[in-house]
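One letter stands for each residue in the lines below.
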Amino acid sequence: MKERPAQGGLPTLEGVSPSVVSLPGGDWPTITEFLVERFPAITREVWLDRMQRGLVADEFGKAVTAERAYQGHMRVYYYRALPPEVRIPFDEEILFQDEHLVVADKPHFLPVTPSGHYLQETLLVRLKNRLRLPGLSPIHRIDRETAGVVLFSVQPQERAAYQDLFRQRDVIKHYEAIAPWRADLSFPRVCKSHIVEGLPFFRQAEVPGVDNSETLIDVMEVSGPLARYSLSPVTGKKHQLRVHMHALGLPIVNDRMYPPLDPTPDDDYRYPLQLLAKGIALDDPFTGERRQFSSKRKLELPPAHLPLSL
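Attention in this report is confined to the structure presented alongside it. (Residues numbered from 1 in each chain as written. Predicted model: local features only at pLDDT ≥ 70, side-chain atom pairs only at ≥ 80, totals over all residues. Heavy atoms only, no water.)

1. A word on the nonpolar core
Looking at soluble globular proteins, one finds that nonpolar side chains tend to be buried together. Among the nonpolar cores identified, the biggest contains 35 residues, and Phe152, Tyr229 and Leu231 are the most heavily contacted of them. Mapped by element, the contributors of at least two residues to this core are strand E7 (101–106), helix H3 (123–131), strand E9 (147–153), strand E10 (172–180), strand E14 (226–233), helix H5 (240–247) and strand E15 (275–283). If you tally residues by element for this core, the top one is H3, at four residues. In this view, Leu231 contacts Lys173, His174, Tyr175, Ala177, Thr215, Leu216, Ile217, Leu241, Met245 and Leu275; residues no more than four positions away in its chain are not counted. Counting residues in hydrophobic clusters, the runner-up holds 14 residues, among them Val21, Leu35, Phe39 and Val76. (Core = buried A, V, L, I, M, F, W, Y, C linked by side-chain atoms within 4.5 Å. Buried < 20%, exposed > 50% of the residue type's maximum accessible area, 1.4 Å probe, protein only. Helix = DSSP H or I, 4+ residues; strand = E, 2+ residues; numbered from the N terminus. Contact = heavy atoms within 4.5 Å.)

2. Remarks on the packing of aromatic side chains
Inspection of the entire model under this criterion finds 13 aromatic pairs. When the ring of Phe201 is compared with that of Phe202, the centres are 5.5 Å apart and the planes differ by 80°; the resulting orientation is edge-to-face. You can call Phe201 exposed: its relative accessible area is 56%. The exposure class of Phe202 is partly exposed, given its relative accessible area of 26%. Three or more aromatic residues link up through ring pairs in this structure, and these residues are Trp28, Phe34 and Tyr70. For the cation-ring pair, Arg38 lies above Phe39, with the distance from its terminal atom to the ring centre recorded as 4.7 Å. For Arg189, the ring lying beneath its charged end belongs to Phe187, and the centroid distance is 5.9 Å. (Phe/Tyr/Trp six-rings, centres within 6.5 Å; stacked < 30°, edge-to-face > 60°. Lys NZ or Arg CZ within 6 Å of the ring centre and 35° of its normal.)

3. Remarks on the environment of Leu231
Within the fold, Leu231 resides in strand E14. Leu231 sits in the buried class, given a relative accessible area of 0%. Measuring from C-alpha to C-alpha, the distance between Leu231 and Pro114 comes to 27 Å, with 117 residues separating the pair along the chain.

4. So, the pattern of salt bridges
Scanning all chains against the criterion turns up 25 salt bridges. Of the charged contacts, one joins Arg87 and Asp91 as a salt bridge, the two residues approaching to 2.3 Å between their closest N and O atoms. Here Glu176 ties to Arg228 by a salt bridge, and the two come within 3.6 Å at their closest N and O atoms. Remark: Arg228 occurs in strand E14 and Glu176 occurs in strand E10; sequence separation between them is 52 residues. Overlapping salt bridges bring together Asp143, Arg144, Glu145, Arg242, Asp255, Arg256 and Asp267 as one network. (Salt bridge = Lys/Arg side-chain N within 4 Å of Asp/Glu carboxyl O.)

5. Some remarks on the pairing of strand E16 (residues 290–294)
Only one face of E16 is buried: it carries Arg291 and Phe293, and the other face, with Arg290, Gln292 and Ser294, is open. Hairpin geometry of E15 and E16 is characterised by an intervening segment of six residues between the two adjacent antiparallel strands and by a positive phi of about 80° at Gly288. (Pairing = 2+ DSSP bridges.)

6. What to know about the sheet that holds strand E4 (residues 56–58)
Pairing in this open sheet of three strands is antiparallel, and the strands run E3-E5-E4 from one edge to the other. Two strands close off the open sheet at either side, each with one partner strand: strand E3 (19–23) and E4. In this sheet, neighbouring strand axes are inclined to one another by 25° on average, regardless of whether the strands run parallel or antiparallel. (Axes fitted to C-alpha atoms, helices over the stretch in contact; angles between N-to-C directions.)

7. Digging into the layout of surface pockets
By volume, the largest pocket is sized at about 1,400 Å³. Taken together, 44 residues make up the lining of the largest pocket; nearest its centre are Arg141, Ile142, Asp143, Lys238 and His239. Looking at the lining of the largest pocket, the elements that each hand over two or more residues are helix H4 (159–167), E10, E14 and H5. In the lining of the largest pocket, the residues fall into 18 nonpolar, 13 polar and 13 charged. Quantified by volume, the second largest pocket comes out at close to 580 Å³. In terms of lining residues, the second largest pocket is bounded by 30 residues, among which Val253, Asn254, Asp255, Tyr271 and Pro272 are the most central. Class assignment for the residues of the lining of the second largest pocket results in 17 nonpolar, four polar and nine charged. (1 Å grid on protein atoms, 1.4 Å probe; cavity = no way out; pocket = protein on both sides within 12 Å on 5 of 7 lines; lining within 4 Å. Points joined across faces, edges and corners; volume = space filled by probe spheres on them. Nonpolar A, V, L, I, M, F, W, Y, C, P; charged D, E, K, R; others polar.)

So, in structure tokens, the structure goes:
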């Protein structure tokens with residue numbers, strides 16, 4: 001399905017916008033030679049096939065052909081090609097939609113945006129195709145393993161104003177998690193730490209330094225060895241809630257990264273991470289209204305008499 005033209009004169013295809021690469025100054029004989037060198041994982045044959053099908057163009061919409069001479073300081077747009085994706089067997093739900101916002105209730109395991117080997121099976125692309133909104137863009141993100149509320153901007157030019165609310169900490173976010181219960185810890189409590197990219201790169205780590213993350217944690221209910229926790233992040237560092245809970249000795253149930261497992265196991269749909277982006281509230285910069293949205297999903301806290309492997 002082709003939609004209206006996007007960047008570089010290329011249309012979005014099945015909800016996916018073209019990728020872009022900037023051509024630096026250099027003496028490659030053709031654009032093809034540069035692309036083959038710049039992306040060693042993509043064969044020359046793949047690039048030639050894309051060009052033959054009109055799937056590579058410059059920033060002015062002119063097709064890039066196999067023999068086109070190299071020209072630096074220009075952008076080239078192209079479509080990523082991935083093997084057929086296996087559908088993630090869970091559906092998103094639309095909680096709200098108007099001319100400014102789309103609010104979705106994301107299931108566990110579904111990425112918000114394309115990355116790695118996820119393209120069609122992402123919340124953004126699903127919504128673009130479902131709603132026929134090629135300009136839809138995420139205002140914020142939550143982890144692929146986390147379920148719950150995600151906001152999208154309908155008008156590309158309005159996205160920055162919504163994101164400013166997050167940067168200025170004018171958005172109230174509420175999460176819930178199922179994790180072990182420790183009677184020796186007092187709640188509510190505030191967790192602060194300095195979080196940086198760890199090893200491997202997709203895991204985060206706490207290190208000495210000025211605090212750059214803050215979370216208010218409270219207990220909602222206790223059932224045997226487990227409890228339902230309320231998590232209110234003040235900041236938005238990657239994996240912040242998972243890192244802070246693990247640091248307290250309260251790893252979230254079914255977390256495959258904290259504590260780290262090496263190698264990280266593949267997804268097992270029977271055991272979703274017990275973390276839910278339950279609610280979000282903000283003052284809409286365009287309507288002036290107070291917007292409050294809540295996930296319809298619920299984390300199930302097992303009865304106290306039922307054992308659960310952590």
